[in-house]
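# Report on the structure
Here is what each chain is made of, one letter per residue.
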Amino acid sequence: MNTNRDPGRNQLPHRPRLLVGGAQRLAEAQWLTTYGDTWHGDPQRVVLAGDLNTIGQHDPEPDWFRVPASRRSRHCHLTPGGAFGDTDRRAIQLLAKAGFHDPFDVLGQAPPRTTGYWRPEEAVERRSDFILANWHVVDHVTAADVHDTEATRALSGHLPVVLDIAPPAR
């Protein structure tokens, strides 16, 4: 395995990965809904973090027409007429219905972008990376932020999201 870093981008060489669309994200979200509240009557304190490849429920719609159709297909609905429509938000909406909350919404903060600056063919600034907290954690969230610096931009096509959580009172 080649682990030489590309000195121009400070990253490991590209490795193929499965890029999923809306139907696959929805299926994964359906599985994760189990963790939104309780398990056999016991409260679960769950924080879900990752690149969810969608935008937030209340995020503004990106200008997907700046992205080639071959890449737009993994982000947008296909309309009955065969054109690309708005962002497929079904997975994030399902997680919200199951009890997961977006800390930026809870704190009343505008969600910062986490991607869209790395490759010219996907130069649509948007949020794709999330930390979601369920019902039993969200009241303990004290801060949320995205580290957007020259250093973090040099490391990845995704910016790190940080969540501060206060311990529950005893």
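Refer to the structure printed above.
Notes on the structure follow. What you see is a predicted model, and the numbers here were worked out from it, not measured in a lab.

The rules we used
Residues numbered from 1 in each chain as written. Predicted model: local features only at pLDDT ≥ 70, side-chain atom pairs only at ≥ 80, totals over all residues. Heavy atoms only, no water. Helix = DSSP H or I, 4+ residues; strand = E, 2+ residues; numbered from the N terminus. Buried < 20%, exposed > 50% of the residue type's maximum accessible area, 1.4 Å probe, protein only. Contact = heavy atoms within 4.5 Å. Areas by Shrake-Rupley, 256 points an atom, 1.4 Å probe, with all protein chains shown as cover. Phe/Tyr/Trp six-rings, centres within 6.5 Å; stacked < 30°, edge-to-face > 60°. Lys NZ or Arg CZ within 6 Å of the ring centre and 35° of its normal. Pairing = 2+ DSSP bridges.

Further remarks concern the overall build of the protein. Scanning the protein from terminus to terminus reveals five helices and nine strands. Relative to its full complement of 170 residues, the protein shows a buried share of 36%. In the protein, 69% of the contacts between residues at least 6 apart in sequence involve partners at least 24 apart. Working note: accessible area of the protein is about 10200 Å², and carbon and sulfur atoms make up 53% of it.

A few words now on the packing of aromatic side chains. Counted under the stated rule, the structure contains one aromatic pair. Their ring planes at 65 degrees and their centres at 5.7 Å tell us that tryptophan 31 and tyrosine 35 sit as a pair that is edge-to-face. Here the guanidinium or amino end of arginine 153 rests over the ring plane of tyrosine 117, the centre of that ring lying 4.4 Å away.

This paragraph deals with the sheet that holds strand β7 (residues 129–134). Spatial ordering of the open sheet is given by β3-β7-β6, a layout of three strands whose pairing is antiparallel. In this open sheet, the two edge strands, each paired with only one partner strand, are β3 (47–51) and β6 (100–101). Taken together, the two bridges between β6 and β7 define a ladder with antiparallel strand orientation. Within β7, the residue paired with phenylalanine 100 across the bridge is asparagine 134.

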